[in-house]
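Spelled out from the first residue to the last, the chains are:
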Amino acid sequence: MEINTKICLLVCAFAMAREFRPLEPFFAEFLIGPDVGFSEKQAVQDIFVIWAYSSFFLVILVFLITDFVRYKPIIIADGVAGIMTYVLLLGKPSVRMMQIEQMFYSFFFSSDTAYYTYMYAKIEDKMTYNRITGYVRACVLFGKFVSGCLSQLYVTIQHAGINASKLPLVYLSIGGMSVATFISLLLPPVKHTFYFHRKKTEGDSAMENPNAISVSTIQIWSPDASDQPQPVKAVLSNSTPEIVEKSNGKYSTALKYFWSDFKCSFSNQKVIVWAFWWSVAGAGSNLVLSYCQVIWKQVIEENYPDVESKNGIVDCIYTALSAAASYKVGQLNVEWTRHSNALLTIGSLCLGVLVLFTSQLKNIYLLYGCHILFGLAYNTMLTVAEFEIAKQVKESCYGLVFGFIQFVTIAFTALWTMVIVEDTFFTFNIQRQFEFCALYFLAIGIYYLLRTIQYSIWGKDELK
C-alpha cells in the first residue's frame, strides 16, 4: 500500500473513532440526572469552568511539545486522555473527581490538532495537503454524525427521559476512545518534523550560521505568485554588517524557524482578518456549545416533563448540514477575502440574533432549531476562514497557525468564563449568560459593519 494512502486511512480512522462519543449530546443531563446527581450550579460553576481554565494552559504546552516529541506520543496520549475522561464518570464521582475529569478532557481537546500536524509531517507530497485534510474533516463529521444518531437511538428505544440513566452511553464512549487509542498505536513513527527534527536543506546552513556567508540564496514565498518558494540570490552588504550569534544547537535553530514562520504567517493582513474573527467568534461558540444543554434541560423540565430529549438527533442534523454546507462552500469560486468585512458582519449578526432567541424562547423545538442554524452558520463561516487562511500560508505552517489561533480562542473563552459563568464579577443565571453571548456576537458584527462602512466611504477594496 502506498505510504500516503496508509497514513491517510489510519488518520481518518483515528479521527472518526475519536469523535465517537455518544455521551456528549447528553452530558449535562448525565451530570445533573440520577447517574451523578449534581445541581445545575455545581455543574456550571464548579465543573464546566475547569475545562476552559485548564485548556488555556494545556493548549500552548501541547502545541510546543508536539513537534519536539514527533507527534505520535501526543496522539497516543490524546486517546488515553479520552478514555480517562469517561472512565472517571463511572460510579458516583465527587466534584473534585469531576474537576480532574475535566482536566483530562482539556488535554483531549487541546491535542486536537496533533493528528493533523502528524499527517502534514508524514506526507511529503504537499500538493495533496488540502485534499487529504478534506478527507479527515469528512471523517470527523461522519464520526460525530454516527455518535449522535446512536445516542438518540438509545434514548428513544429505552425511553430514557430527561431524568433517566445515561450510563450505557458512557461505556460506548469509552469503547470509542479505546478504538481511537488502538489505532494511534498503529501510526508509523515520524522521523522528521517541521522544527526540532528537520530534514537538512540548502537553506538550513544559513539559518544555523548566518555569519558564514556573504552571498545567500534566500527562499521567498508568495501565495499569490506560486505555491513553491522562489530562490533569489542576494549579496549581503558589507557596509552594514549585522552581528548574529551562532546557534549552539538544534533547539535554538528550531526556535528561529518557528519565529520565522510565525512572523511570515501573521504579517499577512489577510491572515490576521480571518484569524481574529476565528479567535473571538470561536470563544463565543465554545460558550454556547458548552452550556446549551443546560438551558435545554431547564426548558424541558418546566414545559415538557414527559418529553424525551432530542439532543442526539439535533447533533446529527446540524453535523450533516454543516458538512454539506462546508463541501458546497469549498466548491464555490468566490473571492471571500475581498468581501471579508461584509461577510463577517452578516454572519456575526446572525449568530448574535440566534443566541438571543435561545436566551428567550421557551419552546424546546424552536431552541433546537436555533441551535441547528447556529451550528450551520458558524461552521460554514469557519470553513471559509480555514480555506482563506490556508491559501495565504505555507503548508508547513498549517499546524503553527491553526494551533496559535486555537490558543487565542481558548484565552478568550477562559476570560469570558471568568466574567459571566463564575461569580467573580457578576452573578448571571443561564439565560443571562446567553444574553451576554448574544451581545458579544452582535458587538463583533457591529465592529465589522463599521469596517465595511469605512472601506465603502474610502471607495477601496477591503483586501487585495
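Residue positions are given per chain, counting from 1 as you read along its sequence in written order. It should be noted that, the model being predicted, local features are given only for residues of pLDDT at least 70 and side-chain atom pairs only at 80 or more, the latter also being counted only at that level, while totals for whole chains, interfaces and linings use all residues. For side-chain calculations, the full set of non-hydrogen atoms in the structure is used, while hydrogens and water are omitted.

Trainee: Lay out empty space enclosed by the protein in plain terms, naming residues and giving numbers.
Mentor: Computed over the protein atoms alone on a 1 Å grid, cavities are sets of points where a 1.4 Å probe fits but cannot get out and pockets are open sets with protein on both sides within 12 Å along at least five of seven lines; a residue lines them when it has an atom within 4 Å of a point. Grid points are joined across faces, edges and corners, and a volume is the space filled by probe spheres set on the points. Tallied over the full model, the rule gives 3 cavities of 30 Å³ or more. Surrounding the largest cavity, Val288, Cys292, Trp296, Leu354, Val355, Thr358, Leu367, Cys370, His371, Phe374 and Phe434 form its lining. Sorting the residues of the lining of the largest cavity by element identifies α11 (269-303), α13 (340-360) and α14 (364-392) as the ones contributing at least two each. Secondary structure follows DSSP: runs of H or I at least 4 residues long count as helices, runs of E at least 2 residues long count as strands, and numbering of each begins at the N terminus. Here the lining of the largest cavity gets 4 residues from one element, more than from any other, and that element is α14. Of the residues contributing to the lining of the largest cavity, the split by class is 9 nonpolar, 2 polar and no charged. Within this model, the second largest cavity holds a volume of roughly 40 Å³. Every element with two or more residues in the lining of the second largest cavity is listed here: α11, α15 (398-421) and α16 (430-458). Each residue is assigned to one of three groups, with Ala, Val, Leu, Ile, Met, Phe, Trp, Tyr, Cys and Pro labelled nonpolar, Asp, Glu, Lys and Arg labelled charged, and all others, Gly among them, labelled polar.

Trainee: Summarise a nonpolar patch on the surface; cite the residues concerned and give the values.
Mentor: Exposure above 30% relative accessible area and the lack of any salt bridge qualify a residue for a patch; like charges then connect within 9 Å, and the nonpolar side chains Val, Leu, Ile, Met, Phe, Trp and Tyr within 5 Å. Each accessible area value is a Shrake-Rupley result obtained with a 1.4 Å probe; residue values ignore everything except the protein chains displayed when judging cover. We define a salt bridge as a side-chain nitrogen of Lys or Arg found within 4 Å of a carboxyl oxygen belonging to Asp or Glu. On the surface, Leu61, Leu64, Ile65, Phe68, Val69 and Tyr251 cluster together to form a nonpolar patch covering roughly 510 Å² of accessible area. Per element, the largest residue contribution to the nonpolar patch is 4 residues, and it comes from helix α3 (residues 40-68). Its location among the elements puts Tyr251 in helix α10 (residues 250-266). Taking the relative accessible area as the measure of exposure, Tyr251 reaches 46% and is therefore partly exposed. Exposure categories follow from relative accessible area, calculated using a 1.4 Å probe and restricted to protein chains: below 20% of the type maximum is buried, above 50% is exposed, and the middle band is partly exposed.

Trainee: Describe in detail the environment of Val408, supporting the description with residues and values.
Mentor: Within the secondary structure, Val408 is located in helix α15. Under the relative-accessibility criterion, Val408 is labelled partly exposed at 21%. In sequence terms Val408 and Ala275 are 133 residues apart; their C-alpha atoms lie 9.4 Å from each other.

Trainee: Explain the side chain of Glu19 to me, using residue names and the numbers behind them.
Mentor: Note on placement: Glu19 falls in the loop between α1 (3-18) and α2 (27-32). Once residues within four sequence positions are removed from consideration, Glu19 is found in contact with Val140, Gly143, Lys144 and Ser147. The contact definition used throughout considers only heavy atoms, calling two residues in contact when any of these lie within 4.5 Å.

Trainee: Explain the environment of Ser322 to me, and be specific about the residues and the numbers.
Mentor: Relative to the assigned elements, Ser322 resides in helix α12 (residues 311-331). By relative accessible area, Ser322 is classed as buried at 1%. Those residues within four positions of Ser322 in sequence are excluded, and the remaining contacts are Gly375, Leu376 and Asn379. Of note is the side chain of Ser322, whose polar atom sits 3.5 Å from the side chain of Asn379. Residues adjacent in sequence count toward polar contacts only when both atoms are side-chain atoms; beyond that, a polar contact is any pair of N or O atoms within 3.5 Å, and within protein one must be able to donate a hydrogen and the other to accept it.

Trainee: Any details on the nonpolar core? Residues and values, ideally.
Mentor: Formed by 124 residues in total, the largest nonpolar core has its most connected members in Leu31, Tyr115, Val136, Trp277, Trp278, Tyr291 and Ile389. Sequence-distant contacts of Val136, that is, excluding residues within four places in its chain, are made with Val11, Cys12, Ala15, Tyr115, Tyr116 and Met119. Among buried residues, the Ala, Val, Leu, Ile, Met, Phe, Trp, Tyr and Cys ones that are joined through side-chain atoms within 4.5 Å form a nonpolar core.

Trainee: I'd like a rundown of the pattern of salt bridges, residues and numbers included.
Mentor: In total, this model carries 7 salt bridges according to the counting rule given. The salt bridge partner of Glu301 is Lys297, with a shortest N-O separation of 2.3 Å. Of this pair, Glu301 and Lys297 are both found in helix α11, 4 residues apart, which corresponds to roughly one turn of the helix. Lys297 sits in the buried class, given a relative accessible area of 4%. We note a salt bridge from Glu435 to Arg432, for which the minimum N-O separation is 3.0 Å. Residue Glu435 and its partner Arg432 are located together in helix α16, separated by 3 residues, close to a single helical turn. A residue is classified by how much of its surface remains accessible, and Arg432, at 42% relative accessible area, is partly exposed. Within the structure, one salt-bridge network assembled from shared partners comprises Arg18, Glu19, Arg21, Asp78 and Asp112.

Trainee: An account of the packing of α11 against α14 is requested, with residue identities and associated values reported.
Mentor: Two elements in contact, α11 and α14, have axes whose closest approach is 10 Å; the angle formed by their N-to-C orientations is 160°. Taken together, the axis directions place α11 and α14 in an arrangement best described as roughly antiparallel. As for how α11 packs across α14, the hand of that crossing is left-handed. Taken together, the residues that form the contact of α11 with α14 break down as 22 nonpolar, 4 polar and 3 charged. As a rule, the C-alpha atoms of each element are fitted with a line to give its axis, helices using only the stretch in contact, and angles between N-to-C directions run from 0 to 180 degrees. Each angle is binned into one of four classes, with values under 35 degrees roughly parallel, values over 145 roughly antiparallel, values of 65 to 115 roughly perpendicular, and all other values oblique. With the far helix as reference, a near helix turned anticlockwise by less than a right angle produces a left-handed crossing, and one turned clockwise produces a right-handed crossing.

Trainee: Summarise the packing of aromatic side chains; cite the residues concerned and give the values.
Mentor: Between 30 and 60 degrees the pair is tilted, below 30 it is stacked and above 60 it is edge-to-face, where a pair is any two Phe, Tyr or Trp rings, Trp via its six-membered ring, whose centres lie within 6.5 Å. The final tally for this structure, using the stated rule, is 24 aromatic pairs. When the centroid spacing of 5.3 Å and the interplanar angle of 65° are considered together, the rings of Trp416 and Tyr440 count as edge-to-face. Highlighted residues: Trp416 in helix α15 and Tyr440 in helix α16, separated in sequence by 24 residues. Looking at Tyr440, the relative accessible area reads 12%, which means it is buried. Here the aromatic cluster, defined as three or more aromatic residues joined through ring pairs, consists of Phe56, Phe57, Trp259, Phe262, Phe266, Phe404 and Phe407.

Trainee: With reference to specific residues and values, describe the confidence of the model for the protein.
Mentor: Should the pLDDT be low somewhere, the predicted coordinates at that spot are not to be read in detail. Confidence scores labelled pLDDT are given residue by residue by the predictor and lie between 0 and 100. Here the protein shows a mean pLDDT of 80. Residues at 70 or above account for 82%. Note that residues 232-248 has pLDDT below 50 and, in this model, 25 contacts with residues that lie over four places away or in other chains.

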